[in-house]
Amino acid sequence: MLFQQITRNKRKTYIIMILFAVILALAGAGLGYLFGNSPWGGMIIALIISAIYLFIVMRDPANMVMSLNHAREVNEQEEPELWHIVQDMALVGRVPMPRVYIIDDASPNAFATGRDPEHSAVAVTQGLLKMMNREELEGVLGHEISHIRNYDIRLSTVAAVLVGVISYLSGIASHYIWWFDDDRGHDNDDNNNLVLIFKIIAIIFVLILGPLCAGLAQMALSRNREYLADASSVDLTRNPQGLISALKKIAGSKPMKKADPSSAGMYIADPLHKKHGFSHLFDSHPPTEDRIKRLEKM
Amino acid sequence: MSTLTWIILIIIILLIGIYITIYNGLQKAKVYTDESWSQIDVQLKRRNDLIPNLVETTKGYAKHEKETLEHVVELRNQLTNIPTGERTETLKVSNQISDALKSIFALQENYPDLKANQNFMKLQEELTNTENKIAYSRQLYNSSAALYDQKLLTFPSNLVASIHGFKKVDYLEASAAEKEVPKVKF
């Protein structure tokens, strides 16, 4: 079960990288068209930049995700209890000890990130440390160590980093709209209307479609793996009660103040507490009640 | 060479390959069980090193609890004298130490000064940590042992195991104290 999941995660990582490359290429083409009337140029520049960027980030993605989430690294002396629990979970999960980070936020939450188990890191919020007892912390960190063991971290880290790139690109495009309006009056071409339509399509694509695809892909990926990590956590701690009561406390708490939206899918529970009404398509996490119900059956 | 010779050659190479894989798998499982036992050993030693400090710190605050303190020291000495390899005996004494430590930690309820002592709190976290590590190492040992023993019982690895004289390892009995490590709320 675990080995299958690891292979699947590694395969999915490549699929998602290709998918993002396509989205980025299209977004780059859209931008190229808007700025320089050169979709091919834009596409090539976007691909080259993202390849270089990806190469740099993938050498140690944990650093980047941690700084995006305003997390600071701690050592054993600063946070002995947290450190020891992470050590315990890494021991029983047979993975190397990850680096440990703390986020100054009163809402309880946690996530794991990294390239592979040898280059991994876990972060917890101050709120989590304050609200949870040792048993509950074990449940939460067991969940995070399971993500590390399953290579979920690589998958979700790549997704988070790439979603970040796409939202940055569409941010650039949204600035363009303002001076696009001013510019239009000077153009007396016969093709004016056609060009306008193309430009509108390009803007729609860059602004909406890119981030939408990216967000969807990321969220679909993160939902199912949460159940597996919950189950694996219990396998490590042999104590479903710890995780159950931790999840209950997390569910009943306030959302985080400044969680990075592109890494929201990596947290143990949605840090933004977004409600999407009738559709669960955009939820980054399965409903907590469902997770608790599954844990209670174990 | 004829086709038949080739086929036989390939089958032989294939069988050797499978044999080697199985043998290595068995060795790996064996190494895992030994490694997780040494984890337990390391933690037991670490705890033994911490106990004198705990006793020293506690002594000044809880003068009337001499017996409790002496008991844990005595058990500690007992543990150091058990020859290596006596796993059952080692664990029996170590479980008794776990219980004795719990009663020392409980002292802080009666001695507020002790509870306020930074050194005591630090030692308590350290010892709770080793207690947990002992419990988790035992759990890891048992799951490693289960994997290894399963290989000894199932075909075809049982054939390779019997040729090389691999021996079954025993589980560590789960004591009632195992999950009941000193639960102290801060």
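Residues numbered from 1 in each chain as written. Chains lettered and ligands numbered in written order. Predicted model: local features only at pLDDT ≥ 70, side-chain atom pairs only at ≥ 80, totals over all residues. Heavy atoms only, no water.

Mind showing me how you'd approach the overall build of chain A here?
A count of helices and strands for chain A gives ten helices and four strands. Seen in sequence order, chain A has helices and strands lined up from the N terminus as α-α-α-β-α-β-β-β-α-α-α-α-α-α. For chain A, the residues scored as buried account for 53% of the 298 residues in total. If you take every contact in chain A between residues at least 6 apart in sequence, the share linking residues at least 24 apart comes to 71%. (Helix = DSSP H or I, 4+ residues; strand = E, 2+ residues; numbered from the N terminus. Buried < 20%, exposed > 50% of the residue type's maximum accessible area, 1.4 Å probe, protein only. Contact = heavy atoms within 4.5 Å.)

Honestly, the overall build of chain B in this entry has me stumped. Any pointers?
Helix and strand counts for chain B stand at six helices and zero strands. Starting at the N terminus and walking to the C terminus, you meet the elements of chain B as α-α-α-α-α-α. Expected size for 186 residues packed as a compact globule is a radius of gyration near 16 Å; at 24 Å, chain B overshoots this value by more than 25%. Principal-axis analysis of the C-alpha atoms places the extent of chain B at approximately 90 × 30 × 25 Å. Expressed as a percentage of its 186 residues, the buried residues of chain B come to 43%. Within chain B, contacts between residues separated by at least 24 positions form 76% of all contacts whose residues are at least 6 apart in sequence. Accessible surface, chain B as shown: approximately 10800 Å² in total, 59% of it carbon and sulfur. Side chains of chain B carry 22 positive and 22 negative charges; the gap between the two charge centres is 5 Å. (Rg over C-alpha atoms; globule rule 2.2 N^0.38 Å. Areas by Shrake-Rupley, 256 points an atom, 1.4 Å probe, with all protein chains shown as cover. Lys, Arg positive; Asp, Glu negative; His and termini not counted. Charge placed at Lys NZ, Arg CZ, Asp CG, Glu CD.)

I keep staring at the side chain of Asn117 of chain B and nothing clicks. Help me out?
Residue and element names in this part refer to chain B. Relative to the elements of secondary structure, Asn117 occurs in the loop between α4 (112-116) and α5 (118-153). Taking the relative accessible area as the measure of exposure, Asn117 reaches 12% and is therefore buried. A polar contact of 3.0 Å, which involves the side chain of Asn117, links it to the backbone nitrogen of Phe120. Beyond its immediate chain neighbours, meaning those up to four positions away, Asn117 contacts Thr57 and Tyr61. (Polar contact = N/O pair within 3.5 Å; in protein donor to acceptor, adjacent residues only side chain to side chain.)

Looking at this model, I keep getting lost on the confidence of the model for chain B. Mind explaining?
Detailed reading of the predicted model is not advised wherever pLDDT is low. Residues and elements named next belong to chain B. Here chain B averages 85 in pLDDT, while 93% of its residues score no lower than 70. Within chain B, α4 has the poorest average pLDDT of any element, 81, and helix α1 (residues 3-61) the best, 90. As a predicted assembly, this complex carries a pTM of 0.81 together with an ipTM value of 0.78. (pLDDT = per-residue confidence, 0-100.)

Before we go on, may I ask you to explain helix α10 (residues 288-296) of chain A in this structure?
Among the residues of α10 of chain A, those classed as buried are Thr288, Arg291, Ile292 and Leu295 of chain A. Looking straight down α10 of chain A, one finds its buried side chains confined to an arc of 95°; they lie on one side. (Arc of directions from axis to C-beta.)

Help me understand a nonpolar patch on the surface, please; the structure alone is not making it clear to me.
Residue and element names in this part refer to chain A. Residues Ile44, Ile48, Ile52, Phe55 and Ile56 make up a contiguous nonpolar surface patch of roughly 530 Å² in combined accessible area. The residue Phe55 is located in helix α2 (residues 39-59) in this model. Owing to a relative accessible area of 57%, Phe55 belongs among the exposed residues under this scheme. (Patch = residues over 30% accessible without salt bridge, like charges linked within 9 Å, V, L, I, M, F, W, Y side chains within 5 Å. Salt bridge = Lys/Arg side-chain N within 4 Å of Asp/Glu carboxyl O.)

Can you walk me through the sheet that holds strand β1 (residues 71-74) of chain A in this structure?
Strands in a sheet are paired, the pairing made by backbone hydrogen bonds, and the direction either parallel or antiparallel. Residues and elements named next belong to chain A. Taken together, four strands build an open sheet; the order of strands is β1-β2-β4-β3 and the sheet is mixed. Two strands bound the open sheet, and with one partner strand each, they are β1 and β3 (110-114). Neighbour to neighbour, the strand axes of the sheet diverge by 30° on average, direction disregarded. Across five bridges, strand β2 (residues 99-103) lies against strand β4 (residues 120-125) in parallel orientation. Looking across to β4, one finds that Arg99 is bridged to Ala121. Against the sheet, helix α3 (residues 61-68) contacts β1, β2, β3 and β4, and its axis sits at roughly 145° relative to β3. Lying over the sheet, helix α4 (residues 80-93) contacts β1, β2 and β4, oriented at roughly 135° with respect to β2. (Pairing = 2+ DSSP bridges. Axes fitted to C-alpha atoms, helices over the stretch in contact; angles between N-to-C directions.)

Just checking my understanding: could you explain the pattern of salt bridges for this structure?
For side chains bearing opposite charge, pairing can occur when the charged atoms are close. All names here are of chain A. Counted under the stated rule, the structure contains 20 salt bridges over all chains. The shortest N-O distance in the salt bridge between Glu81 and Arg134 comes to 3.9 Å. Of this pair, Glu81 sits in helix α4 while Arg134 sits in helix α6 (residues 134-149); the two residues are 53 residues apart in sequence, bridging distant segments of the chain. Where Arg115 meets Asp116, a salt bridge forms, and the shortest distance between an N and an O atom there is 3.5 Å. When its relative accessible area of 24% is taken as the criterion, Arg115 is described as partly exposed. Its relative accessible area of 10% is what places Asp116 among the buried residues. Bridged by salt links that share partners, the residues Arg225, Glu226, Asp230 and Arg291 form one connected network.

Is there a simple way to explain the packing of helix α2 (residues 66-81) of chain B against helix α3 (residues 87-106) of chain B in this structure?
In helix packing, the relevant descriptors are the interaxial angle and the interaxial distance, both defined with respect to the helix axes. Residues and elements named next belong to chain B. Two numbers describe how α2 lies on α3: the axes approach to 9 Å, and their chain directions differ by 160°. Considered as vectors, α2 and α3 are oriented roughly antiparallel to each other. Between α2 and α3 the crossing geometry is left-handed. Every residue of α3 that contacts α2 at Thr68, Leu69, His71, Val72, Leu75, Arg76, Gln78 and Leu79 is listed here: Thr90, Val93, Ser94, Gln96, Ile97, Ala100, Leu101, Ser103 and Ile104. Counted by class, the contact of α2 with α3 contains nine nonpolar, seven polar and one charged residues. (Parallel < 35°, antiparallel > 145°, perpendicular 65-115°, else oblique. Left-handed = near helix turned anticlockwise from the far one by under 90°. Nonpolar A, V, L, I, M, F, W, Y, C, P; charged D, E, K, R; others polar.)

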